[in-house]
Amino acid sequence: ATTDVLFPAKNEDNGRLSITWKGPLLNDLEMEEAHSILWNYMISTSAAPLVKSLIDIPEPLCSSISHSTEDYPVTLVTVTFKGVKPEKHAEIREIAMQTLKETYQGS
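Note that the structure is predicted; figures quoted are calculated from it, not measured. (Residues numbered from 1 in each chain as written. Predicted model: local features only at pLDDT ≥ 70, side-chain atom pairs only at ≥ 80, totals over all residues. Heavy atoms only, no water.)

A. Focus on the layout of surface pockets. What the second largest pocket holds in volume is close to 180 Å³. Along its surface, the second largest pocket is lined by Leu38, Trp39, Leu100, Lys101, Thr103 and Tyr104. Those elements that place two or more of their residues in the lining of the second largest pocket are helix H1 (29–43) and helix H3 (89–105). When residues of the lining of the second largest pocket are assigned to their parent elements, the largest contribution, 4 residues, is made by H3. Considered class by class, the residues forming the lining of the second largest pocket number 4 nonpolar, 1 polar and 1 charged. (1 Å grid on protein atoms, 1.4 Å probe; cavity = no way out; pocket = protein on both sides within 12 Å on 5 of 7 lines; lining within 4 Å. Points joined across faces, edges and corners; volume = space filled by probe spheres on them. Helix = DSSP H or I, 4+ residues; strand = E, 2+ residues; numbered from the N terminus. Nonpolar A, V, L, I, M, F, W, Y, C, P; charged D, E, K, R; others polar.)

What follows is the structure, encoded as structure tokens:
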């Protein structure tokens, strides 16, 4: 299920969008490392799949992408897209999820 939580900002023309998932159990170090490798692959270079599909396009949908984790018994994994126009949230979410799916399936 998807839940949108909106926060006010000084500049309403450009903001950020964060997508958060439940990650691996905190004590599953192998899966934690796998997640770290995955997100480095997905966002860390200009050849990264999410960068290619959201930034390196004629009309970029965001200006940067980062990821972070929060350590709880079940880790939270958050991907943040910055420089996002509010009307592009749904499009970014859709493209991001499709890119993840295609990467997972090896397309």
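B. Spatial organisation of the packing of H1 against H3. One can describe the packing of H1 onto H3 by two numbers: an axis separation of 12 Å at closest approach and a directional angle of 115°. Relative to H3, the crossing made by H1 is right-handed. Within the contact between the two elements, H1 uses Trp39, Tyr41 and Met42 and H3 uses Thr99, Leu100 and Thr103. Across the contact of H1 with H3, the residue classes break down as 4 nonpolar, 2 polar and no charged. (Axes fitted to C-alpha atoms, helices over the stretch in contact; angles between N-to-C directions. Left-handed = near helix turned anticlockwise from the far one by under 90°. Contact = heavy atoms within 4.5 Å.)

C. A look at the sheet that holds strand S3 (residues 74–84). On the basis of which strands lie adjacent, the open sheet formed by 3 strands has the order S1-S3-S2 and antiparallel pairing. In this open sheet, the two strands that pair with only one neighbour each are strand S1 (15–25) and strand S2 (64–70). The average angle at which neighbouring strand axes cross in this sheet is 20°, direction not considered. Contacts between H1 and the sheet are confined to S1, S2 and S3, with S1 contributing the most and set at about 150° to the helix. (Pairing = 2+ DSSP bridges.)

D. How the structure looks around the environment of Ser68. Tracing the backbone shows Ser68 in strand S2. Note on Ser68: relative accessible area 36%, which makes it partly exposed. When the C-alpha atoms of Ser68 and Tyr41 are compared, they prove to be 14 Å apart, with 27 residues separating the residues in sequence. In contact with Ser68, not counting residues within four places along its chain, are Leu76, Val77 and Thr78. (Buried < 20%, exposed > 50% of the residue type's maximum accessible area, 1.4 Å probe, protein only.)

E. Geometry of the nonpolar core. Trp39, Leu50, Leu54, Cys62, Ile65, Phe81 and Ile92 are the most contacted members of the largest nonpolar core, which has 20 residues in total. Sorting the residues of this core by element identifies S1, H1, helix H2 (49–54), S3 and H3 as the ones contributing at least two each. Per element, the largest residue contribution to this core is 4 residues, and it comes from S3. Discounting chain neighbours no more than four positions away, the residues touching Leu50 are Trp39, Met42, Ile43, Ile55, Ile65, Ala96 and Thr99. (Core = buried A, V, L, I, M, F, W, Y, C linked by side-chain atoms within 4.5 Å.)

F. Spotlight on the pattern of salt bridges. The full count for this structure, using the stated rule, is 1 salt bridge. As a salt-bridge pair, Glu91 and Lys88 come within 3.4 Å of each other at their nearest N and O atoms. According to the relative accessible area criterion, Glu91 is partly exposed, its value standing at 34%. (Salt bridge = Lys/Arg side-chain N within 4 Å of Asp/Glu carboxyl O.)

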